[in-house]
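Descriptive structure summary
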Amino acid sequence: MTITCKLLLQNHAQDWQEATVHPFLEQCQLGIIQPQQFNTWLMQDYLFVVEFTRMVGRVLASAPPEHFDVILGGLAALKDELNWFQEKATQRQLNLNIKKQPTCREYCEYIQSLADKPYSVQATAFWAIELAYNQGWQLPGKMPAPYNEFAQRWGNIDFTKYVKLLSQQADEVLETAEEHIQKQAEESFLMVAKFEHNFWQMAFHTAQFCDAE
Ligand code: HMH
């Protein structure tokens, strides 16, 4: 049987729930997240997105030309996103020239390691990473300022459509992938789910390290 993005979500509903539903997001929605927790997330996520952009560059390099359109759209959005993160940091007087916390570093190392994997595995991980934020920021419901801007960035309709296209591209290559490669794709989905959960945990619980050098 061929694995698909839909089946991955069905077969690992619990892991995915832990990746996308977290008190961090619920407290943003309630407007009670502490600035230190939020700022920790913001700074560490910027560092993650820098590495994620490099990953998407490598996904493009592995992709068939029919998939370029969607991936290049993603890269264009990331260009905008990196500038936006810098703007948000400046507004909050945050220095982005900081070290990665262990959880962020491990996630970044993991996505770097995907470079050695077949395109179908990379495409699955790429989809899962984008879906995690698309769903995570959407699920709590309408957020108050200033968090609504963040919820909108990943929860908006166009981003949802883009994530759908990523799942279609992943499904298309998974269909012809050998069984052991499909297994690797499934493992990558589970790794992304685990790291996404850990990332929220990091921001929620270890804000005191927020600008440790
Ligand atoms: C941790 N996962 C994390 N940060 C992000 N910005 C994304 C996913 C984007 O989808």
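Everything in this summary refers to the structure shown in the same document. Since we're looking at a predicted model, the values are computed, not measured.

What about the packing of aromatic side chains?
For the structure on display, the rule yields 34 aromatic pairs. Between the aromatic rings of Phe85 and Trp154, the centroid separation amounts to 6.2 Å while the plane-to-plane angle is 50°, which identifies the pairing as tilted. Of the two residues, Phe85 sits in helix H5 (residues 68-91) while Trp154 sits in helix H8 (residues 147-155), which places them 69 residues apart along the sequence. Of the residues examined, Trp154 reaches a relative accessible area of 2% and is grouped as buried. Here the aromatic residues Phe24, Phe38, Trp41, Tyr46, Trp84, Phe85, Tyr133, Trp137, Tyr147, Phe150, Trp154 and Trp200 are joined through ring pairs into a cluster of three or more. Above the ring of Trp84, the side-chain terminus of Arg153 is found at 4.2 Å from the ring centroid.

What to know about the packing of helix H7 (residues 119-138) against H8
Direction vectors running N to C along H7 and H8 enclose 135°, while the axes themselves pass 8 Å from each other. Between H7 and H8, the angle is such that the two are oblique. When the axes of H7 and H8 are compared, the crossing they make is left-handed. Residue-level contacts link Tyr133, Asn134, Trp137 and Gln138 of H7 to Phe150, Ala151, Trp154 and Gly155 of H8.

Quick notes on the pattern of salt bridges
For side chains of opposite charge, pairing can occur when their charged atoms come near one another. Counted according to the given criterion, the structure contains seven salt bridges. Here Glu81 and Arg153 are joined by a salt bridge, their closest N and O atoms 3.8 Å apart. Of this pair, Glu81 sits in helix H5 while Arg153 sits in helix H8, and the two are 72 residues apart along the sequence. Between Glu186 and Lys183 there is a salt bridge, with the nearest N and O atoms lying 3.6 Å from each other. With a gap of three residues between them, Glu186 and Lys183 both fall in helix H10 (residues 179-205), about one helical turn apart. Taken together, the salt bridges that share partners define one network made up of Asp80, Glu81 and Arg153.

Regarding the nonpolar core
Formed by 77 residues in total, the largest nonpolar core has its most connected members in Phe24, Trp41, Phe48 and Trp137. Those residues within four positions of Trp137 in sequence are excluded, and the remaining contacts are Phe24, Leu25, Cys28, Phe38, Trp41, Met143, Phe150, Ala151, Trp154 and Trp200.

Re the packing of helix H4 (residues 35-62) against H5
Between H4 and H5, whose axes approach to 10 Å, the crossing angle comes to 160°. By the angle between their axes, H4 is roughly antiparallel relative to H5. Considering the relative orientation of H4 and H5, their crossing is left-handed. Each of Trp41, Leu42, Asp45, Tyr46, Val49, Val50, Phe52, Thr53, Val56, Gly57, Val59 and Leu60 in H4 lies in contact with H5, whose residues at this interface are Phe68, Ile71, Leu72, Leu75, Leu78, Glu81, Leu82, Phe85, Gln86, Lys88 and Ala89. Among the residues making up the contact of H4 with H5, the classes are represented as 17 nonpolar, three polar and three charged.

Looking at the site of the ligand
Taken together, Asp45, Phe48, Val49, Tyr107, Ile129, Glu130, Tyr133, Trp154, Glu196 and Phe199 are the residues near the ligand. Between the ligand and Tyr133, the relevant distance is 3.4 Å, taken from a nitrogen atom to a side-chain nitrogen or oxygen of the residue. For the ligand, whose free accessible area comes to 290 Å², the fraction covered by protein is 99%. When residues of the shell around the ligand are traced back to their parent elements, those giving at least two are H4, H7 and H10.

Concerning H5
Here H5 spans 34 Å end to end across 24 residues, near enough to the 34 Å set by a 1.5 Å rise per residue. Of the residues making up H5, those classed as buried are Val70, Ile71, Gly74, Leu75, Leu78, Glu81, Leu82, Trp84, Phe85, Lys88 and Ala89. Once H5 ends, the next one or two residues include Gln93, with phi positive near 55°.

The rules behind these values
Residues numbered from 1 in each chain as written. Predicted model: local features only at pLDDT ≥ 70, side-chain atom pairs only at ≥ 80, totals over all residues. Heavy atoms only, no water. Phe/Tyr/Trp six-rings, centres within 6.5 Å; stacked < 30°, edge-to-face > 60°. Helix = DSSP H or I, 4+ residues; strand = E, 2+ residues; numbered from the N terminus. Buried < 20%, exposed > 50% of the residue type's maximum accessible area, 1.4 Å probe, protein only. Lys NZ or Arg CZ within 6 Å of the ring centre and 35° of its normal. Axes fitted to C-alpha atoms, helices over the stretch in contact; angles between N-to-C directions. Parallel < 35°, antiparallel > 145°, perpendicular 65-115°, else oblique. Left-handed = near helix turned anticlockwise from the far one by under 90°. Contact = heavy atoms within 4.5 Å. Salt bridge = Lys/Arg side-chain N within 4 Å of Asp/Glu carboxyl O. Core = buried A, V, L, I, M, F, W, Y, C linked by side-chain atoms within 4.5 Å. Nonpolar A, V, L, I, M, F, W, Y, C, P; charged D, E, K, R; others polar. Near = heavy atom within 4 Å. Polar contact = N/O pair within 3.5 Å; in protein donor to acceptor, adjacent residues only side chain to side chain. Areas by Shrake-Rupley, 256 points an atom, 1.4 Å probe, with all protein chains shown as cover. Expected span 1.5 Å × (residues − 1).

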